[in-house]
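Fold and contact review
Listed here are the chains, written in short residue letters.
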Amino acid sequence: MKYTLFLLFTFLTLSTSLQSQSKPPLDHSVYDAWQRIANRWLSPDGKYLAYTIDPQEGDNNLIIKSLSTNKSTNIPRGYDATFSKNSQYLIAKIKPTFSQIRQAKIEKKKAEDMPKDSLLICELTSNSIIKSPLLKSFALPEEGWNVLVYVSDKKGVDTTKTKISDSTKTKKPEPNTKEGSTLIIHSLLNGSDLSFNHVFEYALSKKGNSLAFTTSASKKDSLQLPGVFLMNLLSGKIDTITHGSIDAKKLCFNEEGDQLAFVATLDSTTAQVKKYHLRYYQPGMDSAIIRIDNNTPGLKAGWHVSDNGTVRFSKDGTRLLFGTAMIPTPKDTTIPDFEKAQVDVWHYNDDYLQPMQLKTLDQDLKRSYLAVSTQDQLFQQLSDENLENVTISNEESGRYALGRTDKGQRIALQWEGDTKEDIYKLDLKTGIKKLIKDDLDGNASISPEGKYIIWYDNSKRQYYIHDNEKDTTLLLSARIKTPLADEENDMPDDPSSYGISGWYVHDSLVYINDRYDIWSVNPSKLSDVKCITKGYGRKSKTELRRITLDPKARFILPGQTLLLSALQNLDKKRGFYSCALDGIADPIKLIIDEYSFGPVLKAEQADVLTYIKGNYIKSPDIYTSNLLFSETKHSSINPQQQNYNWGTVDLVHWTTFKGHKTEGLLYKPENFDSTKTYPMIVYFYEKLTNGRYAYQPPTPTGSRLNIPFFVSRGYLVFTPDIAYEIGHPGPSAYDYIVSGVNALKKNPWVDKTNIALQGQSWGGYQTLYTITKTNQFKAAWAGAPVVNMFSAYGGIRWESGRNRQMQYEKSQSRLGATPWQRRDLYIENSPLFYLQNITTPLTIMANDADGAVPWYQGIELFTDMRRLDKKIWMLTYNNEGHNLTERRNQKDISIREQQFFDHYLKGAPMPEWMDTGVKATEKGKTWGLGLKKS
């Protein structure tokens, strides 16, 4: 009997092993169909779940599921869904098909002629569906539920033809003319529609009781008059609140929907410069009045209400907030453009370098400054060129505001990477602005009710608080004895804080994070300090962070139990705890598992949660649960994964050459056999072990290593964590990477002669540096690497226009000095000076539109290696940035990367692009992906 069981066990084990071994590896054809849960929504009552399943390329699906009946409805190509406040309807957009969009691109159609979205209205109880084509936008009231407003486009392809269910019917909007679009008011009560043509802009009140819209005149309809109209959606009454073309925009209601404000101008449509004003309307007025214009007392001469600013009411409706700006200077039309000099003037006293100014040019031209008008129509300018950033407390109804400015500090941005700020208290009752902290290197915020302004000082590593009523400033965090600054900071800059978790009602307590735990501090009684997580996080090495389940909540409420996310540092498991506010008991573990969890959403009116959960082995699926995490799974995407040789991941530990204890991740093929040997690719950046349980789909790469792809094809992949010694980032990388590789090489299943490196950006630099110090690697691949820290130091990050000096003095490159202060460090850490030592074949990616690491770094590296007669290939993707974003290029580099590593680590034939290259005359005709014939 025992012998029979032994044979059976042996047979089953062998069968499983053979089955695993017989699974094919991933190839480049699998990418497009691989899916993800892209977005998800819960109905307010928690009875319905909606989510989208998106392939990497192709048509997605919107799933609507009843959590009570478990029945689902599939909406092909649905997205951007919203539930009505009463949980009876789901409104969503439907995309055109992928093939329709592709064909339109092939035909090079203009944007206005591209296939358009459609509108979906789903009544959830009956599952009846209405679709309307040519959708531009829609709006549902945040608090009401009786009405839906949407706008249809002028022309396009009707994409509503796909059948969804027998109850589906199509609702077409009325024809559009050339002026404006059709606005449709759809009653969710009785299904009736009311439409208006020639509409340009609209706003729906929060409660769904009021609708405002602007119209234009029509050449075909003499009865169609331009103006701004206000409709009472409860009574159906429509009021004309302005007549004529006044270019009205930024329509905005107050919370109750009984006040309306907007920006308008009396200047003609042909005027080069228009002066805008602010208009206001409430029921009982004959028409909207001009509330603020460029003649308003207190508004600076030459200024006006900005049409680029945001218009909004304070929550109580007593304040109207808007933007002001200098009236634009008209263009000089006396000189034709072709005779105007085109020149950028760089000045040493400019706040920002010219490339940065050019990057922010549109933003600067549209910049506006916060102003307020009260019910008695008093005007107050809150921010201006000398105090750019102002934040008002208590949903913009409180007495005090926080002002911040870095004026006079901006030049140092070039090498500091950030700027110091002066912090002001603004008293909106008296109009007094008072400096309460100068030269702050840190961050500041105002409490919800405006009683306090709080800031963290990076250099002092402490929180300070200013009592706005008492006008006093005190050290807030003195009684918290655990560090509040980043304990793992290894950059030559003062460490930042772990942030705050929120405020208790009436600003009576503030909750401060340390690395692991959460502390409450009473600003009015600084001795009242409590660790509400009772030190459990630090004792167990578990990072605990509050999750805000209600995005509208301003305070933590009395008796509230907090939901905390958890990351266990020792094993990288994740999950959730609950925590009472009194700090009497340890936090309660709800779920800790070998998974990663996506952001948690809660139903507005029910204790129902939804989140995405997965790990390296299991594709992330969508779940719902109660507050105790008794969960239900609702999807099973990517079933095809089980048909391929996948992989596993282990946490490994070792000691570096310099005696540092560290860790990394080791990925192995699913059919791993310890009696065999495997080639290994080492991939790194800084620290990656917190992603132990993260899912990594096979996807064409932007330049980083496609880990599951290579693991599936019989490679080991090792990702070591790296910590840095300031001034010596290159040697630090070598210490951690090579010591980790040497530790793994002690295992007989590591093919010691076939190990390669791969890194992107900072990882690319570390790859390059490492192969200048050792020849033990068979091949190396570096994306966007820096080779010369001298030339890189003075370069520009073209994506932002910022200078790169801060990168080396304060940030990731970690040198902590200028080239003229520590020339030796720039030489020590620049691979340029050691290229002669390289024997490792190297491929780099350096793109001609890279906005982070300048293209010339790749050119320097390639030409210098070529001068030294070294084996190097450079891939330059045209008009691509630091990481590839165009899918066609991602697929191309994925193929080349596989060919490169297969050739050097597995002895596969060399591809043509490596053997003979691709001449410019053959560009676009051949890609050199064929394999060299032996």
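1. With respect to the overall build of the chain
The number of helices and strands found in the chain is 15 helices and 55 strands. In terms of overall size, the chain behaves like a compact globule, its C-alpha atoms giving a radius of gyration of 31 Å where 934 residues would be expected to give roughly 30 Å. The principal-axis extents of the C-alpha atoms in the chain amount to approximately 90 × 75 × 70 Å. Each of the 934 residues in the chain was classed as buried or not, and the buried ones make up 52%. Excluding contacts between residues fewer than 6 apart, the proportion of contacts in the chain whose partners are at least 24 apart in sequence is 56%. Accessible surface, the chain as shown: approximately 43100 Å² in total, 51% of it carbon and sulfur.

2. Some remarks on the sheet that holds strand β34 (residues 510-513)
Reading across from one edge, β33-β34-β35-β36 is the order of the four strands in this open sheet, with antiparallel pairing throughout. What marks the edges here is a single partner per strand, and that holds for β33 (500-503) and β36 (525-531). Averaged over all neighbouring strand pairs, the angle between strand axes comes to 20 degrees, with direction disregarded. Bridging between β34 and strand β35 (residues 518-522) involves four bridges; their strand directions are antiparallel. From the neighbouring strand, V510 faces β35, where its bridge partner is V521.

3. Some remarks on the environment of P55
When you line up the elements, P55 lands in strand β2 (residues 48-55). A relative accessible area of 18% means that P55 is categorised as buried. With 20 residues separating them along the chain, P55 and Q35 place their C-alpha atoms 4.2 Å apart. Not counting residues within four places of it along the chain, the set of residues in contact with P55 comprises D32, A33, W34, Q35 and N60.

4. Some points on the nonpolar core
M680, V682, F718, L842 and L861 are the most contacted members of the largest nonpolar core, which totals 46 residues. Here the element with the most residues in this core is helix α8 (residues 729-744); it accounts for six residues. Setting aside residues no more than four positions away along its own chain, L842 makes contact with L768, I771, A780, W781, A782, L861, M865, K871, I872, W873 and F900.

5. Observations regarding the sheet that holds strand β32 (residues 472-475)
In spatial order, the strands read β29-β30-β31-β32; together these four strands make up an open sheet with antiparallel pairing. Strand pairing shows two members of the sheet lacking a second neighbour, β29 (442-446) and β32, which therefore form its edges. In this sheet, neighbouring strand axes are inclined to one another by 20 degrees on average, regardless of whether the strands run parallel or antiparallel. Relative to strand β31 (residues 462-467), strand β30 (residues 452-457) is paired through six bridges, and the arrangement is antiparallel. The residue of β31 that forms the bridge with Y452 is D467.

6. Comments concerning helix α14 (residues 887-906)
When the terminal C-alpha atoms of α14 are compared, their 27 Å separation across 20 residues agrees well with the 28 Å that a helix rising 1.5 Å per residue should span. Judged by how many residues are buried, α14 sits mostly within the fold: 16 of 20 residues are covered. Directly beyond the C-terminal end of α14, a positive phi value near 75 degrees is found at G907.

7. Details of the pairing of strand β26 (residues 400-405)
Most of β26 is tucked away: five of the six residues are buried. Examined bridge by bridge, strand β25 (residues 389-392) and β26 share four bridges and lie antiparallel to one another. By the bridge assignment, V390 is partnered in β26 with G403. Where β26 lies against strand β27 (residues 421-427), six bridges are found, and the strand directions are antiparallel. Residue pairing in the sheet places L402 in a bridge with K425 of β27.

8. A look at the confidence of the model for the chain
Overall, the predicted model of the chain reaches an average pLDDT of 93, with 94% of residues at or above 70. Below a pLDDT of 50 lies the segment residues 1-20, which in the model reaches three contacts outside its immediate sequence neighbourhood of four places, other chains included. Predicted confidence is poor over residues 162-177, with pLDDT under 50, and the contacts of this stretch with residues over four places away or in other chains come to 45 contacts.

9. Section: the environment of A104
Tracing the sequence through the fold places A104 in helix α2 (residues 98-106). Its relative accessible area of 3% is what places A104 among the buried residues. Sequence separation of A104 and P115 is 11 residues, and the distance between their C-alpha atoms is 7.5 Å. In contact with A104, not counting residues within four places along its chain, are K109, M114 and P115.

10. Considerations on a nonpolar patch on the surface
On the surface, L358, L361 and L365 cluster together to form a nonpolar patch covering roughly 310 Å² of accessible area. Mapped onto the elements, L361 comes out in helix α4 (residues 361-365).

11. Quick word on the state of the cysteines
What the rule picks out here adds up to zero disulfides. Unpaired in terms of disulfides, C531 finds its nearest cysteine sulfur in C579, a separation of 8.3 Å. With a relative accessible area of 13%, C531 lands in the buried category.

12. A short note on the pairing of strand β28 (residues 433-440)
Looking at chain direction, β27 and β28 are connected through five bridges and run antiparallel. When the sheet's bridge partners are listed, Y424 is paired in β28 with L435. Here β27 folds back onto β28, and the loop between the two strands holds five residues, one of which, G431, carries a positive phi near 80 degrees.

13. Quick word on the packing of α8 against helix α9 (residues 762-773)
Orientation of α8 relative to α9, taken along the N-to-C sense of each, is 80 degrees, at an axis distance of 9 Å. Relative to α9, the element α8 is oriented roughly perpendicular. Between α8 and α9, the contacting residues are P729, G730, P731, A733, Y734, I737 and V738 on the first element and W762, Y765, Q766, Y769, T770 and K773 on the second. Grouping the constituent residues of the contact of α8 with α9 by class yields nine nonpolar, three polar and one charged.

14. Here's the deal with the pattern of salt bridges
Pairing between side chains of opposite charge can happen when the charged atoms of each approach one another. The tally for this structure, following the rule as stated, stands at 50 salt bridges. Two residues, R887 and E57, come together in a salt bridge whose shortest N-O distance is 3.3 Å. With R887 in helix α14 and E57 in the loop between β2 and β3 (61-66), the pair connects residues that are 830 residues apart, well separated along the chain. Look at E57 and you get partly exposed, because its relative accessible area is 30%. One salt bridge in this structure joins R797 and E799, with 3.7 Å as the shortest N-O distance. For R797, a relative accessible area of 18% translates into the label buried. With relative accessibility at 46%, the residue E799 sits in the partly exposed group. Connected through salt bridges with shared partners, the residues E487, E488, D514, R515, R538 and K687 form a single ionic network.

15. Quick look at the environment of S445
Counting through the fold element by element, S445 comes out in strand β29. Here S445 falls in the partly exposed class, since its relative accessible area comes to 26%. Spatially, the C-alpha atoms of S445 and V529 are 20 Å apart, while their sequence positions differ by 84 residues. In this structure S445 touches L402, Y452, I453, I454 and I500, once residues within four positions along its chain are discounted.

16. Side note on unusual backbone geometry
Of note, the phi angle at E396 is positive, near 70 degrees, even though the residue is not glycine. Here E396 shows up in the loop between β25 and β26. Its relative accessible area of 16% is what places E396 among the buried residues. Backbone geometry at N638 places phi at a positive 55 degrees, although glycine is not the residue there. Within the element layout of this structure, N638 appears in the loop between β45 (631-633) and β46 (647-655). Residue N638 is classed as buried on the basis of its relative accessible area, which comes to 3%.

The rules we used
- Residues numbered from 1 in each chain as written.
- Predicted model: local features only at pLDDT ≥ 70, side-chain atom pairs only at ≥ 80, totals over all residues.
- Heavy atoms only, no water.
- Helix = DSSP H or I, 4+ residues; strand = E, 2+ residues; numbered from the N terminus.
- Rg over C-alpha atoms; globule rule 2.2 N^0.38 Å.
- Buried < 20%, exposed > 50% of the residue type's maximum accessible area, 1.4 Å probe, protein only.
- Contact = heavy atoms within 4.5 Å.
- Areas by Shrake-Rupley, 256 points an atom, 1.4 Å probe, with all protein chains shown as cover.
- Pairing = 2+ DSSP bridges.
- Axes fitted to C-alpha atoms, helices over the stretch in contact; angles between N-to-C directions.
- Core = buried A, V, L, I, M, F, W, Y, C linked by side-chain atoms within 4.5 Å.
- Expected span 1.5 Å × (residues − 1).
- pLDDT = per-residue confidence, 0-100.
- Patch = residues over 30% accessible without salt bridge, like charges linked within 9 Å, V, L, I, M, F, W, Y side chains within 5 Å.
- Salt bridge = Lys/Arg side-chain N within 4 Å of Asp/Glu carboxyl O.
- Disulfide = S-S within 2.5 Å.
- Parallel < 35°, antiparallel > 145°, perpendicular 65-115°, else oblique.
- Nonpolar A, V, L, I, M, F, W, Y, C, P; charged D, E, K, R; others polar.

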